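Okay, here's what each chain looks like letter by letter:
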Amino acid sequence: MMQTTKRITPEYEISENNETIRYLEHGYPSDLIRWHAHDDYELHYIVATKGKVFVGDYISSYSSGQLILTGPRLPHNWICQNDQESVKLRDMAIRFDHETFSNGMKIIPELAEVLPMLARAKSGIEFFDLEQAYLKETFEKVRDTSGLSRLISVLPLLQKLAQSRSYRLLSTVQIDLKSSDTLQRKINTVVDYVTQNYGQDITLSSAANLISMSDSHFSRFFKKATGNRFIEFVNRVRISRACSLLTETDQQISAICFQVGFNNVANFNRRFHELKGVTPRDFRSQSNVHIEGLISH
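Just so it is clear, the model here is predicted, and its values are computed rather than measured. (Residues numbered from 1 in each chain as written. Predicted model: local features only at pLDDT ≥ 70, side-chain atom pairs only at ≥ 80, totals over all residues. Heavy atoms only, no water.)

Description of the packing of aromatic side chains
The way to describe two aromatic rings as a pair is by their centre distance and the angle between their planes. Throughout the structure, instances matching the rule amount to 11 aromatic pairs. On the numbers, 5.7 Å between centres and 40° between planes, the contact of Phe-218 with Phe-222 is tilted. Placement of the pair is Phe-218 and Phe-222 together in helix 7 (residues 215–226), with a separation of 4 residues, close to one helical turn. With a centroid separation of 5.3 Å and an interplanar angle of 70°, the aromatic rings of Phe-218 and Phe-230 are classed as edge-to-face. Residue Phe-218 is found in helix 7, and its partner Phe-230 is found in helix 8 (residues 230–248); the two are separated by 12 residues along the sequence. Comparing Phe-218 with Phe-230, the two get one shared label, buried. What links up through ring pairs into an aromatic cluster is the set Phe-218, Phe-221, Phe-222, Phe-230 and Phe-233. Directly above the ring of Phe-262 sits Arg-238, whose terminal nitrogen or CZ lies 6.0 Å from the centroid. (Phe/Tyr/Trp six-rings, centres within 6.5 Å; stacked < 30°, edge-to-face > 60°. Helix = DSSP H or I, 4+ residues; strand = E, 2+ residues; numbered from the N terminus. Buried < 20%, exposed > 50% of the residue type's maximum accessible area, 1.4 Å probe, protein only. Lys NZ or Arg CZ within 6 Å of the ring centre and 35° of its normal.)

Structural data, given as structure tokens:
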């Protein structure tokens, strides 16, 4: 087995022999499991565990076998359920940057085939149509090789993903988390609070108190760090969770409305339509037919 030396910085960036394709894996628990963003594209293959996945303002359940591509500066995290036992390998990730492919296509035009997919990755993409055995074998090849062999191993996978029609986009906004590591920790505290309490009453003041800021300072800080007003982010998280419940359960829409933290159905319907372009009822009807680009498998 060939393994290259990796150095993970406090900003969650990886230095690894300046390779085009870089690889990272970790188990559970791990210090790397936190809300974070970085400059690379990252293709995550979840090998084990289940819980909640967060990509931008998207929140849903996850389990083993999930495949998600996140774009540069799009924050993400996978949080295991509370009773999850320790595992040696939870997440296998392939990383690469945009400049490599945008510059590479000038020399190798065929690389341009992946660019539309990379544009979609700014919102995060979940893929559904690849065989688990193929994914496991490919990620292991990437892990166990380096140099040209590693690049050759990953290109067929990227081609399959670029051609796939079986996917869905995740985040409704492209959150650009550019803050320093110290400020990211403050954002982490607030985001954890929102994602754990979205079903309860959440105020700007309660979030500001968590990180010892005044309301006005926190409001400016959060908008600058994430590109979203705080209440907008809370509503997006709530609507995203509502989408999961609409597709995964047969609960009444009114029950889902209150479960995700809205105080009345009219406001829920209005916010839902603003973000999704359809009513909750129409969203559920459409999801029963297909998820964007999803082919039954």
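Points about helix 10 (residues 265–276)
Between its terminal C-alpha atoms helix 10 stretches 16 Å, which fits the 16 Å expected from 12 residues at 1.5 Å a residue. Residues of helix 10 that are buried: Asn-267, Phe-268 and Phe-272. Seen end-on, helix 10 carries its buried residues on one side only, within an arc spanning 130°. Within two residues after helix 10, Gly-277 carries a phi angle of roughly 80°, on the positive side. (Expected span 1.5 Å × (residues − 1). Arc of directions from axis to C-beta.)

Comments concerning the pairing of strand 8 (residues 76–80)
Taken residue by residue, a regular strand's side chains alternate between the two faces of the sheet. Summarising burial for strand 8: 4 of the 5 residues are buried, a large majority. Examined bridge by bridge, strand 5 (residues 51–55) and strand 8 share 5 bridges and lie antiparallel to one another. Across the sheet, residue Phe-54 finds its bridge partner in strand 8, namely Asn-77. (Pairing = 2+ DSSP bridges.)

So, the confidence of the model for the protein
Confidence in the prediction of the protein, expressed as mean pLDDT, is 86, and 88% of residues score 70 or more. Confidence, expressed as mean pLDDT per element, reaches its minimum in the protein at strand 1 (residues 7–8) with 46 and its maximum at strand 7 (residues 67–70) with 98. In this model, residues 1–11 is a region of pLDDT below 50 whose contacts with residues beyond four sequence positions or in other chains number 31 contacts. The low-confidence segment residues 290–297 (pLDDT under 50) makes 16 contacts with residues lying over four places distant or belonging to another chain. (pLDDT = per-residue confidence, 0-100. Contact = heavy atoms within 4.5 Å.)

Topic: the sheet that holds strand 6 (residues 58–62)
Strand order in the open sheet made by the 3 strands is 6-5-8, with antiparallel pairing throughout. The outermost strands of the open sheet, each flanked by one partner alone, are strand 6 and strand 8. This sheet shows a mean twist of 20° between the axes of neighbouring strands, independent of strand direction. As paired strands, strand 5 and strand 6 are joined by 5 bridges and run antiparallel to one another. By the bridge assignment for strand 6, Phe-54 is matched with Ile-59. Of the strands in this sheet, strand 5 and strand 6 are in contact with helix 8, which crosses strand 6 at around 40°. (Axes fitted to C-alpha atoms, helices over the stretch in contact; angles between N-to-C directions.)

With respect to the nonpolar core
Ranked by size, the top nonpolar core spans 36 residues in total, and within it Val-190, Val-194, Phe-218, Phe-230, Val-260, Phe-268 and Phe-272 carry the most contacts. Looking at this core, the elements that each hand over two or more residues are helix 5 (181–197), helix 6 (204–210), helix 7, helix 8, helix 9 (253–259) and helix 10. If one sorts the elements of this core by residue count, helix 8 sits on top with 9 residues. In contact with Phe-272, other than residues within four places in its own chain, are Ile-239, Ala-242, Cys-243, Leu-246, Gly-277, Val-278, Thr-279, Pro-280 and Phe-283. (Core = buried A, V, L, I, M, F, W, Y, C linked by side-chain atoms within 4.5 Å.)

Digging into the sheet that holds strand 11 (residues 167–169)
Spatial strand order, 3-9-4-7-10-11: 6 strands in an open sheet with antiparallel pairing. Sheet topology places strand 3 (22–28) and strand 11 at the edges, where each strand pairs with a single neighbour. Ignoring which end each strand starts from, the neighbouring axes of this sheet average 20° apart. Relative to strand 10 (residues 125–127), strand 7 runs antiparallel, the two being bridged by 3 bridges. Looking at strand 10, one finds that Leu-69 is bridged to Ile-125. Across the sheet, helix 3 (residues 132–144) lies against strand 3, strand 4 (41–46), strand 7 and strand 9 (87–96), angled at about 75° from strand 9, the strand it touches most.

A look at the pattern of salt bridges
Tallied over the full model, the rule gives 12 salt bridges. Here Glu-19 and Arg-150 are joined by a salt bridge, their closest N and O atoms 2.9 Å apart. Of the two residues, Glu-19 is situated in the loop between strand 2 (14–15) and strand 3 and Arg-150 in helix 4 (residues 147–163); the sequence distance between them amounts to 131 residues. Accessibility expressed as a relative area gives 14% for Glu-19, which makes it buried. Between Glu-137 and Lys-141 there is a salt bridge, with the nearest N and O atoms lying 3.6 Å from each other. With a gap of 4 residues between them, Glu-137 and Lys-141 both fall in helix 3, about one helical turn apart. Residues joined by salt bridges that share partners form a network here, namely Arg-22, Asp-40, Glu-42 and Arg-95. (Salt bridge = Lys/Arg side-chain N within 4 Å of Asp/Glu carboxyl O.)

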